[in-house]
Amino acid sequence: MPDLQAALSYANQHQERFLEEFKDFCAIPSISTLSENAGDVARTAQWLADELARLGLERIQIIPTKLHPVVCGEWMGAPGKPVVLVYGHYDVQPVDPIEEWISPPFDPVVRGDNLYARGASDMKGQIQALLKALEALKQQGAFPVNIRFMLEGEEEMGSPSLEDFVEKHRGLLVCDVVLNCDGGIAGPDTPALTYGLRGLSYFELEVFGPSSDLHSGVFGGAVHNPAQALCELIAGMHGPDGSVNLPGFYDTVRPIEPEERAALAGLPLSDEEWKTLSGVPAPWGEAEYTITERIGARPTLEVNGLVSGFTGEGAKTVLPARAMAKLSMRLVPDQDPFEVEKQLRAYLETHAPNTIRWELRQLSGAGPGMIERDSPYMRAARQALEEVFGIPPKFKREGGSIPVVSLLKERIGADTVLMGFELPDAGFHGPNEKMHLPSFYRLIETYIRFLCIL
Ligand code: BES
Ligand code: MN
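Quantities reported herein were computed from a predicted structural model and do not represent experimental measurements.

**Q** Explain the overall build of the protein chain residue by residue, including any values.
**A** The secondary structure content of the protein chain amounts to 15 helices and 18 strands. Over its C-alpha trace the protein chain gives a radius of gyration of 23 Å, about what one expects of a compact globule, namely 22 Å for 454 residues. For the C-alpha atoms alone, the extent of the protein chain along its principal axes is close to 80 × 50 × 45 Å. Here the protein chain holds 454 residues, and the buried ones make up 54% of them. Relative to all contacts within the protein chain whose residues are 6 or more apart in sequence, the contacts with residues 24 or more apart total 79%.

What follows is the structure, encoded as structure tokens:
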């Protein structure tokens, strides 16, 4: 068993180097969704495999998938102790709108208490904290538990290869618990553990009108403009109360139990805080649910993108031939990502006018993930957080999605502890993403303590 205090002081003494290495990790533009970055994604996988080798892990492999590889490795030198499968994703989101970044997204820089870079919070900082916690423990002799790694490169695009990967490589993933580092806390001094994630179903809806773009004066008035028809369809997808109008959408939505409502009320988000955090003039959504409940425990349908017609400079009188929307739904237990596809299709079959033609394509689907709050592993996480923060963590439901959580539960039977220190204002997926460095160092300490408690 490594000496906890010695590991903690090692981590303290090496903060500067840990930060420099964290910057190297962030400097590689591992954007999974853009094919031009495929080489960078591969380079990041190699960077991680090298890190695992430095930590003394065995059976390190960079396992190819149809798209981006998964990095695996293990150390099984603690017989009788649990096997912890560490999950992380080393891919990041695209950087647009690039002009809003104060410093270039892949030129990591410290300003104030934060490291700014794409992926700094989501989630290279969390992976780096875990790697450095392991380094500190290794320096004291050995790891306190058995460790396996599964680091994927496709999470930010919906983990399209993951199901196949889990089926083919089950043997590499068998474990007692998954430590998923892709988690957040409510504030720098507010420890939290996430026990729920929403699922996601992602679509492209394309509407076709005339066979090519037309003069809007010569044809306008007697052709149903596809951009307009698409907007009409989209407008009908919500009721005036903010609820989603697809047939059967709420049939399997599990109500929030009174006990859970009371617990979530302990994580209040006022209208004012919400305005500051999001920048909106006023909150929106289902009035009978609090903001915390709307984000964490209620399903949604969002328009992620809309394209049609002339979007260049100046005026062009055109009637576009087609219009396309990217739509996605966040799902809660017990909704199914493929069942909602049928509901969306049924809505379109009923509401689409005969003046246009439409096509619907599902791009990805992931189920919602729920985590048992009172497992021995969650208790260990709770204890570690309480030791570091001096107060017990709150339990929260996250509005975002991490496809692997429900997948590993279904296919391997493995429960997850979702613990990382991504902060609500970290700018994930937006410009000027940052990692709060005091939280980064605290996370190293938390992981060290957690692994020693197990
Ligand atoms: N790190 C996020 C999930 C998350 C968000 C955790 C906020 C904690 C706090 C994750 O990388 C993510 O963004 N996932 C995508 C998944 C999708 C592409 C399937 C998401 O939620 O949009
Ligand atoms: Mn993430």
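That covers the picture; the talk isn't over yet.
**Q** Could you give an account of the sheet that holds strand E18 (residues 434-436), naming the residues involved and the relevant values?
**A** The strands making up a sheet are joined through hydrogen bonds of the backbone, oriented either antiparallel or parallel. Reading across the sheet, the 3 strands line up as E4-E5-E18 and stay open at both edges, with antiparallel pairing between neighbours. The open sheet has two free edges, formed respectively by strand E4 (109-111) and E18, since each of these has just one partner strand. In this sheet, adjacent strand axes meet at a mean angle of 30° when their direction is disregarded. Here 3 bridges tie E4 to strand E5 (residues 114-116), and the two strands are oriented antiparallel to one another.

**Q** Please provide a residue-by-residue account of the packing of aromatic side chains, values included.
**A** With the rule as written, the count across this model stands at 7 aromatic pairs. Measuring from centroid to centroid gives 5.2 Å for Phe-249 and Tyr-250, while their planes differ by 85°, and the two rings are edge-to-face. Note on Phe-389 and Phe-421: the rings are 5.5 Å apart at their centroids and 70° apart in plane angle, and the pair reads as edge-to-face. Placement of the pair is Phe-389 in helix H13 (residues 376-389) and Phe-421 in the loop between strand E17 (415-418) and E18, with a sequence separation of 32 residues. Classification of Phe-389 as buried rests on a relative accessible area of 12%. Three or more aromatic residues link up through ring pairs in this structure, and these residues are Phe-22, Phe-440 and Tyr-441. Seen from the ring of Phe-208, Arg-357 lies directly overhead, with NZ or CZ sitting 4.4 Å from the centre. Here the guanidinium or amino end of Arg-442 rests over the ring plane of Phe-389, the centre of that ring lying 4.2 Å away.

**Q** Could you give an account of the packing of helix H2 (residues 15-26) against helix H3 (residues 38-54), with specific residues and numbers?
**A** Contact geometry for H2 and H3: axes closest at 10 Å, N-to-C directions at 150°. Taken as axis vectors, H2 and H3 run roughly antiparallel relative to one another. Residue-level contacts link Glu-21, Asp-24 and Phe-25 of H2 to Thr-44, Trp-47, Leu-48 and Arg-54 of H3. Of the residues in the contact of H2 with H3, the class split is 3 nonpolar, 1 polar and 3 charged.

**Q** Describe the pattern of salt bridges, and please don't skip the residues or the numbers.
**A** Across all of its chains, the model carries 36 salt bridges by this definition. Ionic pairing is found between Glu-204 and Lys-326, a salt bridge with its closest N-O pair at 2.7 Å. Of this pair, Glu-204 sits in strand E9 (residues 199-208) while Lys-326 sits in strand E13 (residues 322-331), and the two are 122 residues apart along the sequence. One salt bridge in this structure joins Asp-415 and Lys-409, with 2.9 Å as the shortest N-O distance. What makes Asp-415 partly exposed here is its relative accessible area of 28%. Lys-409 gets classed as partly exposed once you look at its relative accessible area, which sits at 41%.

**Q** Outline the packing of H2 against helix H4 (residues 120-139), supporting the account with residue identities and numerical values.
**A** Closest axis-to-axis distance for the H2/H4 pair is 10 Å, and the angle between their directions is 135°. As the angle between them shows, H2 and H4 are arranged oblique. Both H2 and H4 take part in a crossing whose hand is right-handed. Facing Arg-17, Phe-18, Glu-21, Phe-22, Phe-25 and Cys-26 of H2, the residues of H4 in contact are Ala-120, Lys-124, Gly-125, Ile-127, Gln-128, Lys-132 and Glu-135.

**Q** Could you give an account of the coordination of the manganese ion (ligand 2), naming the residues involved and the relevant values?
**A** Protein coordination of the manganese ion (ligand 2) is provided by His-89 (NE2), Asp-122 (OD) and Asp-182 (OD), with donor distances spanning 1.7 to 2.5 Å. Ordering the donors of the manganese ion (ligand 2) by residue number gives the pattern H-x32-D-x59-D. Note that His-89 is positioned in strand E3 (residues 83-89) and Asp-122 in helix H4, a separation of 33 residues in sequence. A relative accessible area of 8% means that Asp-122 is categorised as buried.

**Q** Any details on helix H8 (residues 226-235)? Residues and values, ideally.
**A** Owing to its 3.6 residues per turn, the α-helix brings residues three or four apart onto one side. Within the sequence span of H8, burial applies to Pro-226, Ala-229, Leu-230, Leu-233 and Ile-234. The buried side chains of H8 occupy one side of the element, clustering within an arc of 135° when seen end-on. Where H8 is buried, its residues touch E9, strand E11 (300-308), strand E12 (318-319), E13 and helix H12 (339-351). Regarding H8, its N-cap is Asn-225, as a side-chain oxygen of that residue lies 2.8 Å from the backbone nitrogen of Ala-227 further along.

**Q** Talk me through the site of ligand 1; I want residue IDs and the actual numbers.
**A** Taken together, 15 residues sit near ligand 1, with Glu-155, Asp-182, Arg-330, Ser-401 and His-429 positioned nearest. For ligand 1, an oxygen atom lies 3.0 Å from a polar atom in the side chain of Glu-156. Interatomic distance of 2.8 Å between a side-chain N/O atom of His-429 and an oxygen atom of ligand 1. In isolation ligand 1 exposes 520 Å². Once the protein is present, 90% of that is buried. When the residues that make up the shell around ligand 1 are grouped by side-chain class, the tally is 3 nonpolar, 5 polar and 7 charged.

Quick notes on the rules
Residues numbered from 1 in each chain as written. Chains lettered and ligands numbered in written order. Predicted model: local features only at pLDDT ≥ 70, side-chain atom pairs only at ≥ 80, totals over all residues. Heavy atoms only, no water. Helix = DSSP H or I, 4+ residues; strand = E, 2+ residues; numbered from the N terminus. Rg over C-alpha atoms; globule rule 2.2 N^0.38 Å. Buried < 20%, exposed > 50% of the residue type's maximum accessible area, 1.4 Å probe, protein only. Contact = heavy atoms within 4.5 Å. Pairing = 2+ DSSP bridges. Axes fitted to C-alpha atoms, helices over the stretch in contact; angles between N-to-C directions. Phe/Tyr/Trp six-rings, centres within 6.5 Å; stacked < 30°, edge-to-face > 60°. Lys NZ or Arg CZ within 6 Å of the ring centre and 35° of its normal. Parallel < 35°, antiparallel > 145°, perpendicular 65-115°, else oblique. Nonpolar A, V, L, I, M, F, W, Y, C, P; charged D, E, K, R; others polar. Salt bridge = Lys/Arg side-chain N within 4 Å of Asp/Glu carboxyl O. Left-handed = near helix turned anticlockwise from the far one by under 90°. Donors = N, O, S within 2.8 Å, 3.2 Å for Na, K, Ca; no water. Arc of directions from axis to C-beta. Polar contact = N/O pair within 3.5 Å; in protein donor to acceptor, adjacent residues only side chain to side chain. Near = heavy atom within 4 Å. Areas by Shrake-Rupley, 256 points an atom, 1.4 Å probe, with all protein chains shown as cover.

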